[in-house]
Amino acid sequence: MEKVVIIGSGCAGLTAALYAARANLSPLVLTGKHPGGLLTTTTIVENYPGFPEGVDGYELMVRMQKQAEKFGAKIKFGSVERVELKQQPFVLAVDGERVETETLIIASGAGHRHLGLESEHKLETKGVTYCATCDGALPMFRNQGVVVVGGGDSACEEAMYLSRFASTVYLIHRRESLRASKIMIERTLANPKIKPVWNTVVTEVLDVKLDKVVGVRVKNVETHKESTIDCAGLFVAIGHIPNTKLFKGVIDMDPAGYIIPQKGAATNIPGVFVAGDCSDHVYRQAVTAAGMGCAAAIEVERYLAAREHSNA
């Protein structure tokens, strides 16, 4: 019987593991299919406190894991296939193995929506990225043309942020108007560095042979005319998909699938807590995920102490 199991090994999960381990709870961390989470796909993280020179995303997650393990966290490489949360102890099926736990922290994260192009996949981290605040200030994008795909608030925020560093930001949207909030639309369209490209979709990222982004091939959805836009980077901002399918119908979620905390990090099921991008569609930063992981672990510790006291 585990005292606490943490699903997910990104910033939220590993920070929760660190705090729970230091509270002598010997947490079990289930890594999922992508150990380290989304941050491992980012080459240089320049906005995580304490690293003035920046830090490789993969290296940062390795350090976090080692720090959690130092205090007694256990790391299990595996994916959760099924959960039974209607009664305690909670039961999880992890790659066919049964795991029982008194408490659970869901830190399963979220994945970026992709365009679904083969060239996009091959050039990921080589000019194709899904986070302007993570990668936009890198030297490879400075004073260069870049492309942002999307039409919502996230895409507008990405374009605005990139306009600080890029020479031109081409904002490509499949419709003839943005679907962002009014104030974001006004700010975006008023920015002289941002050039909207309406009724257009990206059909290919150039150039896989050169192993770096040099442009995108686009098609107008009304005229079907194809053209090329030269750029050093492609920023895809068409939304996120929270990794919460496992908990559908059991844990309260919003229509997009993000888990809704009831109070602090608690969910609608006592003993189950949530942290990180699977419940955050606003900030989605490494440092905010880490903070949420810290909060969830502290709440788990208090929950277990209260139960112990009431059973005494």
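Just so you know, these numbers come straight off a predicted model, no measurement behind them.

**Q** Before we move on, could you go through the overall build of the protein and cite the residues and values that matter?
**A** Looking only at helices and strands, the protein has 7 helices and 19 strands in total. For 312 residues, the compact-globule estimate of 2.2 N^0.38 gives 20 Å, and the C-alpha radius of gyration of the protein, at 21 Å, lies within 12% of that figure. The principal-axis extents of the C-alpha atoms in the protein amount to approximately 70 × 40 × 35 Å. In the protein, which comprises 312 residues, the share counted as buried stands at 50%. Looking at the protein alone, contacts between residues at least 24 apart form 58% of all its contacts between residues at least 6 apart. When the accessible surface of the protein is summed, it comes to about 15500 Å², and 50% of that surface belongs to carbon and sulfur atoms. For the protein, the distance from the average position of its 34 positive side-chain charges to the average position of its 34 negative side-chain charges is 2 Å.

**Q** Could you give an account of the nonpolar core, naming the residues involved and the relevant values?
**A** Ile6, Cys11, Tyr48, Ile105 and Phe273 are the most contacted members of the largest nonpolar core, which has 37 residues in total. For this core, the secondary structure elements donating two or more residues are strand S1 (2-7), helix H1 (11-22), helix H2 (57-70) and helix H7 (286-311). What Cys11 contacts, discounting residues up to four positions off in sequence, is Leu39, Met61, Met64, Ala286, Ala289 and Ala290. Residues Ala132, Phe141, Val146 and Ala155 belong to the second largest nonpolar core, which totals 21 residues.

**Q** Please provide a residue-by-residue account of the sheet that holds strand S16 (residues 226-230), values included.
**A** Read from one edge to the other, the open sheet built from 3 strands follows the order S14-S15-S16, with strand pairing classed as antiparallel. Where the open sheet ends on each side, the last strands, each with one partner, are strand S14 (200-206) and S16. The mean angle between the axes of side-by-side strands here comes to 30°, regardless of whether they run parallel or antiparallel. Here 6 bridges tie S14 to strand S15 (residues 215-220), and the two strands are oriented antiparallel to one another. Note that in S15 the partner of Val201 across the bridge is Lys219.

Here is what the cut-offs are and how they apply
Residues numbered from 1 in each chain as written. Predicted model: local features only at pLDDT ≥ 70, side-chain atom pairs only at ≥ 80, totals over all residues. Heavy atoms only, no water. Helix = DSSP H or I, 4+ residues; strand = E, 2+ residues; numbered from the N terminus. Rg over C-alpha atoms; globule rule 2.2 N^0.38 Å. Buried < 20%, exposed > 50% of the residue type's maximum accessible area, 1.4 Å probe, protein only. Contact = heavy atoms within 4.5 Å. Areas by Shrake-Rupley, 256 points an atom, 1.4 Å probe, with all protein chains shown as cover. Lys, Arg positive; Asp, Glu negative; His and termini not counted. Charge placed at Lys NZ, Arg CZ, Asp CG, Glu CD. Core = buried A, V, L, I, M, F, W, Y, C linked by side-chain atoms within 4.5 Å. Pairing = 2+ DSSP bridges. Axes fitted to C-alpha atoms, helices over the stretch in contact; angles between N-to-C directions.

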